[in-house]
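Each chain, written out:
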Amino acid sequence: MIAFVVNSGSSSIKWELLDAESGERMRGGIVERIGENGVDHAGAMRVILEELDGVHPAVIGHRVVHGGSRFTAATLVTDEVERAIEELAALAPLHNPANLLGIRAARDAFPGVPNVAVFDTAFHQSIPPAAYTYAIDTVVAEEHGVRRYGFHGTSYQYVSARAAEVLGRPLSELRMIVLHLGNGASACAIDGGRSVDTSMGLTPLEGLVMGTRSGDIDAGILFHLGRAGYSIADLDALLNRRSGLTGLSGGNDMRDVLAGVDAGDERSILAFDVYVHRLRRYLGAYLATLGGADAIVFTAGVGENAARVREAALAGMEWAGIRLDRERNAVRGTVVVSADDSPVAVLVVPTNEELEIARQAAAFA
């Protein structure tokens, strides 16, 4: 079954055409600079249609960042669903409006073809109230939809299933901690294939240190900076675009940070140490949440490619049954990198969100 996967941003549309059953990627690409030279999302879709060269998909799958509490699974797009995605833009103002533009452009371009919204937040709807509730006035929280939603759910769903396949064990029997480490980074505790806790919260800002985002921060710092004259827009820019590895070292690429560490650059050394410290804090917390783990899984750009990050994150964790094999850890691709005698398996599993979106969308074709 041919699936057309669309990831629509404010200024670009990434797309792939693939076989949802075999996973074969037929073609794909990206249209950038939307909004310039009179090209809107509908115009970008026309460019993509030329690339498709007459191929007519059976189903179209869309990445949608925020589904709030309403959407707990992939959903066939209707006019009512479009309105709901638009209403949820208050929780993801940078993402949902752009996702919606891609949906509308695809529905216009392929009348009669089912469009399916696959939500980043849906996988985390299994998190219990104790883990998703913030300790603020419940009336305020309910009025404004304040709770932990979590993100990277499509990646977690794919990676956890793939890890179980590699281990040759039923996903339903596994306690797993998955670390999605890219420019955006998060951690997830997964019990029997269900998310039970995750590091991102109401927005993708909370949790781990990221490329440009701060992750966890004392909310009082915002009041302190506000009293010093920082506006809400200033604080937004600081925490989302000028923090994380960028704020600590001057750049958001872990490869550059590691090069700086090797060169003895103090800012890079501190950035690496803070990054790993936060990672280990969440690993320890989720080991406690799950009562131990059967597998630790690394994925996404940093998780898949930075062996030194994996080694530093797991150093000295033999007490938890985690023993890394340094030679295996240096190998790239889907691989078990733990020692043979390690009670906890450690894996590197490349993510494939597009294939997961295609598979979920195919159920509606």
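Residues numbered from 1 in each chain as written. Predicted model: local features only at pLDDT ≥ 70, side-chain atom pairs only at ≥ 80, totals over all residues. Heavy atoms only, no water.

Caption draft 1: Looking closely at the packing of aromatic side chains. Counted according to the given criterion, the structure contains 4 aromatic pairs. With a centroid separation of 5.9 Å and an interplanar angle of 65°, the aromatic rings of Phe4 and Phe110 are classed as edge-to-face. You can see Phe4 sitting in strand β1 (residues 2-8) and its partner Phe110 sitting in the loop between α3 (96-109) and β6 (115-119), a full 106 residues away along the chain. Positioned above the aromatic ring of Tyr132, the side-chain terminus of Arg147 is 3.8 Å from the ring centre. (Phe/Tyr/Trp six-rings, centres within 6.5 Å; stacked < 30°, edge-to-face > 60°. Helix = DSSP H or I, 4+ residues; strand = E, 2+ residues; numbered from the N terminus. Lys NZ or Arg CZ within 6 Å of the ring centre and 35° of its normal.)

Caption draft 2: Expanded view of the sheet that holds strand β5 (residues 75-76). Sheet architecture is open: 6 strands sit in the order β3-β2-β1-β4-β6-β5, paired in mixed fashion. A single partner strand is all that each edge strand has here, and the edge strands are β3 (25-31) and β5. For β1 and strand β4 (residues 59-64), the ladder comprises 4 bridges, and the chain directions are parallel. Paired with Val5 across the two strands is Gly61, which belongs to β4. Sitting on the sheet, helix α1 (residues 41-52) is in contact with β1, β2 (13-19) and β3, with an inclination near 35° to β2. (Pairing = 2+ DSSP bridges. Contact = heavy atoms within 4.5 Å. Axes fitted to C-alpha atoms, helices over the stretch in contact; angles between N-to-C directions.)

Caption draft 3: Highlighting the pairing of strand β9 (residues 194-198). The pairing of strand β8 (residues 185-191) with β9 spans 4 bridges and is antiparallel. Bridging across to β9, Asp191 finds its partner in Arg194. Connecting β8 to the next strand, β9, in antiparallel fashion are 2 residues, including Gly192 with a positive phi near 65°.

Caption draft 4: Spotlight on the pattern of salt bridges. Per the stated rule, a full pass over the model turns up 16 salt bridges. Taking the shortest distance from any N to any O, the salt bridge between Arg70 and Glu80 comes out at 3.2 Å. On the criterion of sequence distance, the pair formed by Arg70 in the loop between β4 and β5 and Glu80 in helix α2 (residues 79-87) is long-range, its members being 10 residues apart. For Arg70, a relative accessible area of 47% corresponds to the partly exposed category. Taking the relative accessible area as the measure of exposure, Glu80 reaches 47% and is therefore partly exposed. With a closest N to O distance of 3.4 Å, Asp294 and Arg175 form a salt bridge. Here Asp294 is found in the loop between α11 (266-290) and β10 (295-299), whereas its partner Arg175 is found in strand β7 (residues 175-181), with 119 residues between them in sequence. With a relative accessible area of 25%, Arg175 lands in the partly exposed category. (Salt bridge = Lys/Arg side-chain N within 4 Å of Asp/Glu carboxyl O. Buried < 20%, exposed > 50% of the residue type's maximum accessible area, 1.4 Å probe, protein only.)

Caption draft 5: Geometry of α3. Its 14 residues give α3 an end-to-end C-alpha distance of 20 Å, which sits within 8% of 20 Å, the value for a rise of 1.5 Å per residue. Asn96, Ala98, Asn99, Leu100, Gly102, Ile103, Ala105 and Ala106 are the residues of α3 that are buried. Where the residues of α3 are buried, they touch β1, α1, β4, α2 and β6. (Expected span 1.5 Å × (residues − 1).)

Caption draft 6: Up close: the sheet that holds β9. Taken together, the 6 strands give an open sheet; going across it, the order is β9-β8-β7-β10-β12-β11, and neighbouring strands pair in mixed fashion. Of all strands in the sheet, those with a lone pairing partner are β9 and β11 (335-336), marking the two edges. Lying on the sheet, helix α13 (residues 307-314) is in contact with β7, β10 and β12 (345-348); it crosses β10 at an angle near 150°.

Caption draft 7: Quick look at the side chain of His152. With respect to the secondary-structure elements, His152 resides in the loop between α5 (138-144) and α6 (153-167). A distance of 2.7 Å separates a polar atom in the side chain of His152 from a polar atom in the side chain of Ser186. The residues contacting His152, other than those within four sequence positions of it, are Asp120, His180, Gly184, Ala185, Ser186 and Met200. (Polar contact = N/O pair within 3.5 Å; in protein donor to acceptor, adjacent residues only side chain to side chain.)

Caption draft 8: Region of the structure containing the side chain of Ser342. When you line up the elements, Ser342 lands in the loop between β11 and β12. If near-sequence neighbours (up to four positions away) are discounted, Ser342 is found in contact with Gly321, Ile322 and Arg323.

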